[in-house]
Amino acid sequence: MRIVLLLLSAAFVTPACAATPEEVTQTYANIALATYQDSLTTAQTLQSSIAALVANPSHETLAAAKTAWLAARIPYQQSEVFRFGNPIVDAWEGQVNAWPLDEGLIDYVAPTEAGENALALLNIIATPTFTLSGTEVDASTITPALIATTLHEADGIEANVASGYHAIEFLLWGQDLNGTGPGAGSRPYSDFIEGEGCTGGNCDRRAAYLQAAANLLVADLEEMTAAWSASGPARAAVTTDPTAGLLAALTGMGSLSYGELAGERMKLGLLLNDPEEEHDCFSDNSHNSHFYDGVGIQNVYLGRYTRIDGTVVEGPALADLVAAADPILAAQLTADLDASVTALGMIKAAAESGMAYDQMLAPGNTEGEALIMGGVDALVAQTASIDRAVTALGLSKIGFEGSDSLDNPNAIFQ
(Lines give C-alpha, C1' and ligand atoms only; values in the text may rest on other atoms or scores of the structure.)
Protein backbone atom coordinates (compact mmCIF):
# COMPACT_ATOMS: atom_id res chain seq x y z
CA MET A 1 0.00 0.00 0.00
CA ARG A 2 2.85 2.40 0.86
CA ILE A 3 4.46 1.88 -2.57
CA VAL A 4 1.16 2.53 -4.31
CA LEU A 5 0.67 5.75 -2.36
CA LEU A 6 4.15 6.96 -3.26
CA LEU A 7 3.54 6.29 -6.94
CA LEU A 8 0.23 8.12 -6.82
CA SER A 9 1.88 11.07 -5.12
CA ALA A 10 4.60 11.25 -7.78
CA ALA A 11 2.00 11.13 -10.54
CA PHE A 12 0.12 13.98 -8.89
CA VAL A 13 3.05 16.42 -8.79
CA THR A 14 4.62 15.54 -12.15
CA PRO A 15 2.98 16.91 -15.33
CA ALA A 16 1.60 14.12 -17.48
CA CYS A 17 3.19 15.65 -20.55
CA ALA A 18 5.80 18.41 -20.30
CA ALA A 19 5.92 21.04 -23.04
CA THR A 20 8.37 20.44 -25.87
CA PRO A 21 10.29 23.00 -27.94
CA GLU A 22 8.28 21.85 -30.98
CA GLU A 23 5.00 22.65 -29.24
CA VAL A 24 6.29 25.94 -27.86
CA THR A 25 7.42 27.21 -31.26
CA GLN A 26 4.05 26.26 -32.74
CA THR A 27 2.35 28.37 -30.07
CA TYR A 28 4.78 31.20 -30.82
CA ALA A 29 3.91 31.06 -34.54
CA ASN A 30 0.18 30.83 -33.78
CA ILE A 31 0.35 33.95 -31.62
CA ALA A 32 2.32 35.77 -34.31
CA LEU A 33 -0.29 34.86 -36.91
CA ALA A 34 -3.19 35.96 -34.72
CA THR A 35 -1.47 39.24 -33.81
CA TYR A 36 -0.77 40.12 -37.43
CA GLN A 37 -4.29 39.06 -38.45
CA ASP A 38 -5.69 41.48 -35.87
CA SER A 39 -3.28 44.17 -37.08
CA LEU A 40 -4.55 43.61 -40.61
CA THR A 41 -8.21 43.71 -39.56
CA THR A 42 -7.78 46.99 -37.68
CA ALA A 43 -5.75 48.45 -40.55
CA GLN A 44 -8.59 47.61 -42.93
CA THR A 45 -10.97 49.45 -40.62
CA LEU A 46 -8.56 52.39 -40.68
CA GLN A 47 -8.45 52.18 -44.49
CA SER A 48 -12.26 52.39 -44.62
CA SER A 49 -12.34 55.29 -42.17
CA ILE A 50 -9.81 57.18 -44.26
CA ALA A 51 -11.87 56.58 -47.39
CA ALA A 52 -14.87 58.04 -45.56
CA LEU A 53 -12.82 61.07 -44.47
CA VAL A 54 -11.65 61.73 -48.02
CA ALA A 55 -15.17 61.31 -49.42
CA ASN A 56 -16.72 63.64 -46.85
CA PRO A 57 -14.24 65.67 -44.80
CA SER A 58 -15.72 66.78 -41.46
CA HIS A 59 -14.93 66.92 -37.78
CA GLU A 60 -16.72 63.61 -37.40
CA THR A 61 -14.98 61.69 -40.18
CA LEU A 62 -11.55 62.97 -39.15
CA ALA A 63 -12.24 61.96 -35.53
CA ALA A 64 -13.38 58.51 -36.70
CA ALA A 65 -10.19 58.02 -38.71
CA LYS A 66 -8.09 59.02 -35.70
CA THR A 67 -10.01 56.58 -33.50
CA ALA A 68 -9.40 53.82 -36.05
CA TRP A 69 -5.67 54.62 -36.10
CA LEU A 70 -5.48 54.42 -32.31
CA ALA A 71 -7.30 51.08 -32.31
CA ALA A 72 -4.95 49.75 -34.99
CA ARG A 73 -1.96 50.42 -32.77
CA ILE A 74 -3.13 48.02 -30.05
CA PRO A 75 -2.54 44.72 -31.88
CA TYR A 76 0.35 46.01 -33.97
CA GLN A 77 2.41 47.06 -30.96
CA GLN A 78 1.92 43.59 -29.49
CA SER A 79 3.50 42.22 -32.69
CA GLU A 80 6.78 44.09 -32.20
CA VAL A 81 8.15 41.30 -30.04
CA PHE A 82 8.49 39.27 -33.25
CA ARG A 83 11.18 41.66 -34.44
CA PHE A 84 14.95 41.24 -33.88
CA GLY A 85 14.94 37.45 -33.87
CA ASN A 86 13.06 36.93 -37.13
CA PRO A 87 14.90 38.20 -40.22
CA ILE A 88 11.71 38.12 -42.31
CA VAL A 89 10.06 40.54 -39.87
CA ASP A 90 13.16 42.71 -39.51
CA ALA A 91 13.50 43.19 -43.28
CA TRP A 92 9.84 44.22 -43.48
CA GLU A 93 9.22 46.23 -40.31
CA GLY A 94 10.84 49.47 -41.42
CA GLN A 95 8.15 50.13 -44.00
CA VAL A 96 5.30 49.90 -41.48
CA ASN A 97 6.54 51.37 -38.19
CA ALA A 98 9.70 53.41 -38.87
CA TRP A 99 10.28 56.51 -36.73
CA PRO A 100 11.25 59.22 -36.05
CA LEU A 101 10.53 60.89 -39.37
CA ASP A 102 11.33 64.15 -41.10
CA GLU A 103 7.66 64.82 -41.77
CA GLY A 104 8.43 67.78 -44.02
CA LEU A 105 9.25 65.21 -46.68
CA ILE A 106 5.51 64.49 -46.86
CA ASP A 107 3.59 67.71 -46.16
CA TYR A 108 3.80 71.26 -44.90
CA VAL A 109 5.42 71.83 -41.52
CA ALA A 110 6.15 74.80 -39.28
CA PRO A 111 9.04 76.96 -40.52
CA THR A 112 12.35 75.26 -39.78
CA GLU A 113 15.79 74.71 -41.22
CA ALA A 114 16.28 71.60 -43.33
CA GLY A 115 19.50 70.56 -41.60
CA GLU A 116 21.61 67.81 -43.14
CA ASN A 117 18.72 66.02 -44.86
CA ALA A 118 18.18 67.72 -48.20
CA LEU A 119 14.72 66.15 -48.52
CA ALA A 120 13.52 67.09 -45.04
CA LEU A 121 11.39 69.93 -46.44
CA LEU A 122 10.55 68.49 -49.85
CA ASN A 123 6.77 68.45 -49.17
CA ILE A 124 5.87 65.89 -51.79
CA ILE A 125 2.19 66.80 -51.44
CA ALA A 126 3.01 70.25 -52.84
CA THR A 127 5.67 69.01 -55.27
CA PRO A 128 4.48 66.93 -58.24
CA THR A 129 7.97 66.70 -59.74
CA PHE A 130 11.35 66.72 -58.04
CA THR A 131 14.92 65.55 -58.52
CA LEU A 132 16.24 62.58 -56.56
CA SER A 133 19.86 61.48 -56.91
CA GLY A 134 20.12 63.41 -60.17
CA THR A 135 16.97 61.89 -61.67
CA GLU A 136 13.71 63.75 -62.18
CA VAL A 137 10.80 62.00 -60.47
CA ASP A 138 7.22 62.30 -61.70
CA ALA A 139 5.08 62.37 -58.56
CA SER A 140 2.01 63.86 -60.21
CA THR A 141 0.05 60.76 -59.22
CA ILE A 142 0.59 59.58 -55.65
CA THR A 143 0.42 55.81 -55.46
CA PRO A 144 1.46 53.10 -52.98
CA ALA A 145 4.29 52.19 -55.36
CA LEU A 146 5.62 55.77 -55.42
CA ILE A 147 5.60 55.87 -51.62
CA ALA A 148 7.17 52.44 -51.17
CA THR A 149 9.82 52.39 -53.89
CA THR A 150 10.77 56.05 -54.40
CA LEU A 151 9.94 58.12 -51.33
CA HIS A 152 10.44 55.79 -48.37
CA GLU A 153 14.01 56.14 -47.11
CA ALA A 154 14.83 58.22 -50.18
CA ASP A 155 18.56 58.73 -50.73
CA GLY A 156 19.13 55.98 -48.18
CA ILE A 157 18.22 58.29 -45.28
CA GLU A 158 16.25 56.51 -42.54
CA ALA A 159 14.52 59.72 -41.44
CA ASN A 160 12.82 59.92 -44.85
CA VAL A 161 9.90 57.87 -43.61
CA ALA A 162 7.13 58.00 -46.18
CA SER A 163 5.01 54.96 -45.34
CA GLY A 164 3.46 53.15 -42.41
CA TYR A 165 1.62 54.02 -39.24
CA HIS A 166 3.58 57.18 -38.45
CA ALA A 167 3.20 58.72 -41.90
CA ILE A 168 -0.55 58.16 -41.57
CA GLU A 169 -0.47 59.50 -38.01
CA PHE A 170 1.17 62.71 -39.22
CA LEU A 171 -1.37 63.16 -41.99
CA LEU A 172 -4.27 62.70 -39.57
CA TRP A 173 -3.00 64.79 -36.64
CA GLY A 174 -0.39 67.11 -38.17
CA GLN A 175 2.61 68.27 -36.19
CA ASP A 176 2.42 68.50 -32.42
CA LEU A 177 3.84 71.98 -31.88
CA ASN A 178 3.17 72.04 -28.14
CA GLY A 179 6.60 70.82 -27.09
CA THR A 180 6.36 69.39 -23.59
CA GLY A 181 3.11 71.28 -22.99
CA PRO A 182 -0.39 69.81 -23.21
CA GLY A 183 -2.00 69.02 -26.56
CA ALA A 184 -1.39 66.81 -29.58
CA GLY A 185 -1.35 67.71 -33.27
CA SER A 186 -4.42 69.58 -34.48
CA ARG A 187 -4.68 69.25 -38.26
CA PRO A 188 -8.06 70.61 -39.41
CA TYR A 189 -10.42 68.42 -41.42
CA SER A 190 -10.43 71.18 -44.02
CA ASP A 191 -6.93 70.03 -45.04
CA PHE A 192 -8.79 67.29 -46.94
CA ILE A 193 -11.48 69.40 -48.61
CA GLU A 194 -10.96 69.43 -52.35
CA GLY A 195 -11.74 72.78 -53.95
CA GLU A 196 -13.23 75.71 -52.07
CA GLY A 197 -12.54 75.53 -48.36
CA CYS A 198 -9.23 73.68 -48.67
CA THR A 199 -6.67 74.67 -46.07
CA GLY A 200 -2.98 73.87 -46.20
CA GLY A 201 -3.03 73.76 -50.00
CA ASN A 202 -3.04 70.73 -52.30
CA CYS A 203 -5.89 69.04 -50.47
CA ASP A 204 -6.50 66.64 -53.35
CA ARG A 205 -2.91 65.40 -53.20
CA ARG A 206 -3.00 65.18 -49.39
CA ALA A 207 -6.10 63.01 -49.62
CA ALA A 208 -4.47 60.90 -52.32
CA TYR A 209 -1.33 60.44 -50.21
CA LEU A 210 -3.33 59.45 -47.13
CA GLN A 211 -5.33 56.87 -49.05
CA ALA A 212 -2.25 55.49 -50.81
CA ALA A 213 -0.44 55.16 -47.47
CA ALA A 214 -3.42 53.34 -45.95
CA ASN A 215 -3.64 50.98 -48.92
CA LEU A 216 0.08 50.28 -48.67
CA LEU A 217 -0.17 49.55 -44.95
CA VAL A 218 -2.94 47.02 -45.58
CA ALA A 219 -0.91 45.36 -48.34
CA ASP A 220 2.16 45.17 -46.10
CA LEU A 221 0.16 43.55 -43.30
CA GLU A 222 -1.37 41.08 -45.73
CA GLU A 223 2.17 40.07 -46.65
CA MET A 224 3.22 39.51 -43.05
CA THR A 225 0.03 37.67 -42.17
CA ALA A 226 0.71 35.28 -45.06
CA ALA A 227 4.29 34.83 -43.86
CA TRP A 228 3.01 33.35 -40.55
CA SER A 229 0.30 31.20 -42.14
CA ALA A 230 0.50 27.41 -42.21
CA SER A 231 2.74 27.42 -45.29
CA GLY A 232 4.45 30.77 -44.65
CA PRO A 233 8.22 31.23 -44.50
CA ALA A 234 8.23 33.03 -41.13
CA ARG A 235 6.38 30.13 -39.49
CA ALA A 236 8.64 27.59 -41.18
CA ALA A 237 11.77 29.37 -39.95
CA VAL A 238 10.80 28.98 -36.28
CA THR A 239 9.07 25.60 -36.36
CA THR A 240 11.30 23.57 -38.68
CA ASP A 241 14.20 24.13 -36.28
CA PRO A 242 12.67 24.53 -32.79
CA THR A 243 15.99 25.58 -31.26
CA ALA A 244 16.18 28.45 -33.74
CA GLY A 245 12.56 29.24 -32.91
CA LEU A 246 13.26 29.46 -29.18
CA LEU A 247 16.24 31.72 -29.86
CA ALA A 248 14.08 33.95 -32.07
CA ALA A 249 11.44 34.26 -29.37
CA LEU A 250 13.92 35.09 -26.60
CA THR A 251 15.88 37.47 -28.84
CA GLY A 252 12.71 39.40 -29.60
CA MET A 253 11.76 39.55 -25.94
CA GLY A 254 15.18 40.71 -24.76
CA SER A 255 15.96 43.17 -27.55
CA LEU A 256 12.55 44.85 -27.42
CA SER A 257 12.73 45.03 -23.62
CA TYR A 258 16.21 46.51 -23.45
CA GLY A 259 17.67 48.44 -26.36
CA GLU A 260 14.49 49.32 -28.22
CA LEU A 261 11.83 50.09 -25.62
CA ALA A 262 13.75 50.87 -22.43
CA GLY A 263 16.55 52.58 -24.34
CA GLU A 264 15.64 54.21 -27.64
CA ARG A 265 11.96 54.84 -26.96
CA MET A 266 12.02 55.78 -23.29
CA LYS A 267 15.38 56.60 -21.68
CA LEU A 268 16.69 58.57 -24.69
CA GLY A 269 13.76 60.98 -24.76
CA LEU A 270 14.05 61.47 -21.02
CA LEU A 271 17.78 62.21 -21.19
CA LEU A 272 17.18 64.80 -23.90
CA ASN A 273 13.84 66.06 -22.52
CA ASP A 274 12.79 65.91 -26.16
CA PRO A 275 9.22 65.13 -27.25
CA GLU A 276 10.52 64.57 -30.79
CA GLU A 277 11.93 61.29 -29.45
CA GLU A 278 8.54 59.92 -28.35
CA HIS A 279 7.18 57.10 -30.45
CA ASP A 280 3.67 58.31 -31.36
CA CYS A 281 4.61 61.98 -31.26
CA PHE A 282 1.82 63.48 -33.39
CA SER A 283 -1.10 61.83 -31.60
CA ASP A 284 0.29 61.73 -28.03
CA ASN A 285 -0.34 57.98 -28.01
CA SER A 286 3.12 56.87 -26.85
CA HIS A 287 1.80 55.66 -23.50
CA ASN A 288 -0.32 53.06 -25.29
CA SER A 289 2.43 52.03 -27.70
CA HIS A 290 4.83 51.39 -24.82
CA PHE A 291 2.23 49.53 -22.79
CA TYR A 292 1.24 47.17 -25.61
CA ASP A 293 4.88 46.53 -26.45
CA GLY A 294 5.22 45.30 -22.86
CA VAL A 295 2.08 43.18 -23.16
CA GLY A 296 3.45 41.65 -26.37
CA ILE A 297 6.63 40.55 -24.61
CA GLN A 298 4.56 38.94 -21.88
CA ASN A 299 2.31 37.25 -24.47
CA VAL A 300 5.25 35.39 -26.00
CA TYR A 301 6.62 34.17 -22.68
CA LEU A 302 3.27 33.00 -21.33
CA GLY A 303 2.09 31.63 -24.68
CA ARG A 304 -1.17 33.54 -24.51
CA TYR A 305 -2.63 36.33 -26.69
CA THR A 306 -6.05 37.95 -26.28
CA ARG A 307 -7.43 38.85 -29.69
CA ILE A 308 -9.37 41.99 -30.53
CA ASP A 309 -12.61 39.98 -30.45
CA GLY A 310 -11.85 38.74 -26.95
CA THR A 311 -10.94 35.18 -27.91
CA VAL A 312 -7.66 33.75 -26.66
CA VAL A 313 -4.88 32.00 -28.57
CA GLU A 314 -2.74 29.96 -26.19
CA GLY A 315 -0.66 26.83 -25.88
CA PRO A 316 2.59 25.37 -24.50
CA ALA A 317 4.91 28.26 -23.76
CA LEU A 318 8.43 29.35 -22.99
CA ALA A 319 7.23 29.68 -19.41
CA ASP A 320 6.68 25.92 -19.30
CA LEU A 321 10.16 25.15 -20.60
CA VAL A 322 11.82 27.55 -18.16
CA ALA A 323 9.76 26.17 -15.27
CA ALA A 324 10.95 22.66 -16.10
CA ALA A 325 14.59 23.80 -16.26
CA ASP A 326 14.66 26.25 -13.32
CA PRO A 327 11.41 26.79 -11.37
CA ILE A 328 12.84 29.64 -9.30
CA LEU A 329 13.95 31.54 -12.41
CA ALA A 330 10.57 30.88 -14.04
CA ALA A 331 8.80 32.48 -11.09
CA GLN A 332 11.23 35.43 -11.17
CA LEU A 333 10.77 36.07 -14.89
CA THR A 334 6.99 35.85 -14.60
CA ALA A 335 7.13 38.36 -11.74
CA ASP A 336 9.47 40.64 -13.71
CA LEU A 337 7.10 40.65 -16.69
CA ASP A 338 4.16 41.44 -14.41
CA ALA A 339 6.19 44.29 -12.90
CA SER A 340 7.07 45.83 -16.27
CA VAL A 341 3.50 45.66 -17.54
CA THR A 342 2.37 47.24 -14.27
CA ALA A 343 4.97 50.03 -14.57
CA LEU A 344 4.02 50.70 -18.18
CA GLY A 345 0.38 50.62 -17.11
CA MET A 346 1.10 53.38 -14.60
CA ILE A 347 2.44 55.54 -17.45
CA LYS A 348 -0.68 54.76 -19.45
CA ALA A 349 -2.96 55.60 -16.52
CA ALA A 350 -1.18 58.90 -15.87
CA ALA A 351 -1.47 59.89 -19.54
CA GLU A 352 -5.15 59.01 -19.59
CA SER A 353 -5.60 61.15 -16.47
CA GLY A 354 -4.15 64.23 -18.19
CA MET A 355 -0.34 64.05 -18.14
CA ALA A 356 0.60 63.14 -21.72
CA TYR A 357 3.83 61.29 -22.35
CA ASP A 358 5.52 64.35 -23.87
CA GLN A 359 4.65 66.30 -20.73
CA MET A 360 6.37 63.58 -18.68
CA LEU A 361 9.54 64.37 -20.64
CA ALA A 362 9.59 68.02 -19.56
CA PRO A 363 12.63 69.22 -17.58
CA GLY A 364 11.77 69.35 -13.90
CA ASN A 365 8.75 67.05 -14.12
CA THR A 366 9.85 64.75 -11.32
CA GLU A 367 6.61 62.77 -11.35
CA GLY A 368 6.88 62.16 -15.09
CA GLU A 369 10.54 61.21 -14.82
CA ALA A 370 9.76 58.75 -12.04
CA LEU A 371 7.01 57.13 -14.11
CA ILE A 372 9.21 56.72 -17.17
CA MET A 373 12.20 55.49 -15.17
CA GLY A 374 9.94 53.03 -13.36
CA GLY A 375 9.17 51.52 -16.75
CA VAL A 376 12.81 51.63 -17.88
CA ASP A 377 14.08 49.98 -14.69
CA ALA A 378 11.46 47.22 -14.87
CA LEU A 379 12.31 46.49 -18.50
CA VAL A 380 16.03 46.36 -17.75
CA ALA A 381 15.38 44.00 -14.84
CA GLN A 382 13.30 41.62 -16.92
CA THR A 383 15.98 41.58 -19.63
CA ALA A 384 18.43 40.16 -17.09
CA SER A 385 15.98 37.38 -16.30
CA ILE A 386 15.39 36.71 -20.00
CA ASP A 387 19.15 36.35 -20.41
CA ARG A 388 19.23 33.86 -17.54
CA ALA A 389 16.40 31.92 -19.21
CA VAL A 390 18.53 31.54 -22.33
CA THR A 391 21.24 29.92 -20.23
CA ALA A 392 18.78 27.75 -18.29
CA LEU A 393 17.42 26.33 -21.55
CA GLY A 394 20.92 25.49 -22.74
CA LEU A 395 20.71 27.83 -25.72
CA SER A 396 23.56 29.78 -27.30
CA LYS A 397 24.29 33.23 -25.91
CA ILE A 398 22.17 36.05 -27.36
CA GLY A 399 23.43 39.57 -27.93
CA PHE A 400 20.35 41.69 -27.21
CA GLU A 401 19.95 45.07 -28.91
CA GLY A 402 21.65 47.80 -26.92
CA SER A 403 21.23 51.57 -26.61
CA ASP A 404 23.71 54.31 -25.76
CA SER A 405 21.07 55.82 -23.52
CA LEU A 406 21.46 52.78 -21.26
CA ASP A 407 25.01 51.61 -21.99
CA ASN A 408 26.87 54.88 -22.52
CA PRO A 409 24.69 57.91 -21.68
CA ASN A 410 27.56 60.37 -22.08
CA ALA A 411 27.69 59.54 -25.79
CA ILE A 412 24.21 61.01 -26.19
CA PHE A 413 25.53 64.50 -25.50
CA GLN A 414 28.74 64.36 -27.53
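Residues numbered from 1 in each chain as written. Predicted model: local features only at pLDDT ≥ 70, side-chain atom pairs only at ≥ 80, totals over all residues. Heavy atoms only, no water.

Caption draft 1: Main features of the overall build of the protein. Counting secondary structure elements, the protein contains 15 helices and 4 strands. Against the globule reference of 22 Å for 414 residues, the protein gives a C-alpha radius of gyration of 23 Å, in line with a compact fold. Oriented by its inertia axes, the alpha-carbon framework of the protein measures out at about 95 × 50 × 45 Å. Taking all contacts inside the protein whose residues are at least 6 apart in sequence as the whole, residues at least 24 apart take part in 72%. Looking at the protein as shown, the accessible area adds up to about 17,000 Å², and 55% of this sits on carbon and sulfur atoms. (Helix = DSSP H or I, 4+ residues; strand = E, 2+ residues; numbered from the N terminus. Rg over C-alpha atoms; globule rule 2.2 N^0.38 Å. Contact = heavy atoms within 4.5 Å. Areas by Shrake-Rupley, 256 points an atom, 1.4 Å probe, with all protein chains shown as cover.)

Caption draft 2: The arrangement of the environment of alanine 154 in detail. Along the chain, alanine 154 falls in the loop between helix H5 (144–151) and helix H6 (165–173). Leaving out residues up to four positions away in the same chain, alanine 154 has contacts with Leu119, Leu132 and Asn160.

Caption draft 3: A look at the packing of aromatic side chains. Under the defined criterion, the tally for this structure stands at 9 aromatic pairs. Between the aromatic rings of phenylalanine 170 and phenylalanine 282, the centroid separation amounts to 5.3 Å while the plane-to-plane angle is 45°, which identifies the pairing as tilted. Separated by 112 residues along the polypeptide, phenylalanine 170 in helix H6 and phenylalanine 282 in the loop between helix H9 (242–272) and helix H10 (286–302) bring together distant segments of the chain. Both residues of the pair, phenylalanine 170 and phenylalanine 282, belong to the buried class. (Phe/Tyr/Trp six-rings, centres within 6.5 Å; stacked < 30°, edge-to-face > 60°. Buried < 20%, exposed > 50% of the residue type's maximum accessible area, 1.4 Å probe, protein only.)

Caption draft 4: Region of the structure containing the pairing of strand E2 (residues 135–138). Pairing of strand E1 (residues 129–132) with E2 involves 4 bridges; the strand directions are antiparallel. The partner of phenylalanine 130 across the bridge, within E2, is valine 137. Hairpin connection from E1 to E2: 2 residues lie between these consecutive antiparallel strands, with serine 133 at a positive phi of about 55°. (Pairing = 2+ DSSP bridges.)

Caption draft 5: Spatial organisation of the pattern of salt bridges. The final tally for this structure, using the stated rule, is 14 salt bridges. One network of salt bridges, with partners in common, ties together Glu80, Arg83, Glu93, Glu260, Arg265 and Asp293. (Salt bridge = Lys/Arg side-chain N within 4 Å of Asp/Glu carboxyl O.)

Caption draft 6: Highlighting the side chain of serine 255. In this fold, serine 255 is placed in helix H9. Exposure remark for serine 255: the relative accessible area of 1% places this residue in the buried category. Discounting residues that sit within four places of it in the chain, serine 255 has contacts with Phe84, Glu260, Phe400 and Glu401.

Caption draft 7: Highlighting the nonpolar core. Judged by nonpolar contacts, the single largest core of 120 residues is most densely connected at Ile168, Leu172, Tyr209 and Trp228. Per-element tally for this core: the top contributor is helix H2 (residues 21–55), with 14 residues. The contact partners of tyrosine 209, leaving out residues within four places of it in the chain, are Ile106, Ile124, Ile125, Ile142, Ile147, Leu151, Ala162 and Leu171. (Core = buried A, V, L, I, M, F, W, Y, C linked by side-chain atoms within 4.5 Å.)

Caption draft 8: A look at unusual backbone geometry. Between tryptophan 99 and the following residue, proline 100, the backbone shows a cis peptide bond with an omega angle of -15°. Note that proline 100 resides in the loop between helix H4 (87–97) and E1. A positive phi angle, close to 60°, is found at aspartate 155, a residue other than glycine. By the element assignment, aspartate 155 lies in the loop between H5 and H6.

Caption draft 9: Molecular detail of H4. Residues of H4 that are buried include every one of Val89, Trp92, Glu93, Val96 and Asn97, and no others. Projected down its long axis, H4 carries its buried residues within an arc of 125°, all on one side. Among the exposed residues of H4, those oriented more than 90 degrees off its buried face are Pro87 and Ala91. Of the surrounding secondary structure, the elements contacted by the buried residues of H4 are H2, helix H3 (59–79), H6, helix H7 (203–227) and H9. (Arc of directions from axis to C-beta.)

Caption draft 10: Up close: the packing of H10 against helix H11 (residues 318–325). Between H10 and H11, whose axes approach to 5 Å, the crossing angle comes to 60°. Comparing their axes, H11 and H10 come out oblique. Facing H10, whose interface residues are Val300, Tyr301 and Leu302, H11 presents Leu318, Ala319 and Val322. A per-class count over the contact of H10 with H11 returns 6 nonpolar, no polar and no charged. (Axes fitted to C-alpha atoms, helices over the stretch in contact; angles between N-to-C directions. Parallel < 35°, antiparallel > 145°, perpendicular 65-115°, else oblique. Nonpolar A, V, L, I, M, F, W, Y, C, P; charged D, E, K, R; others polar.)

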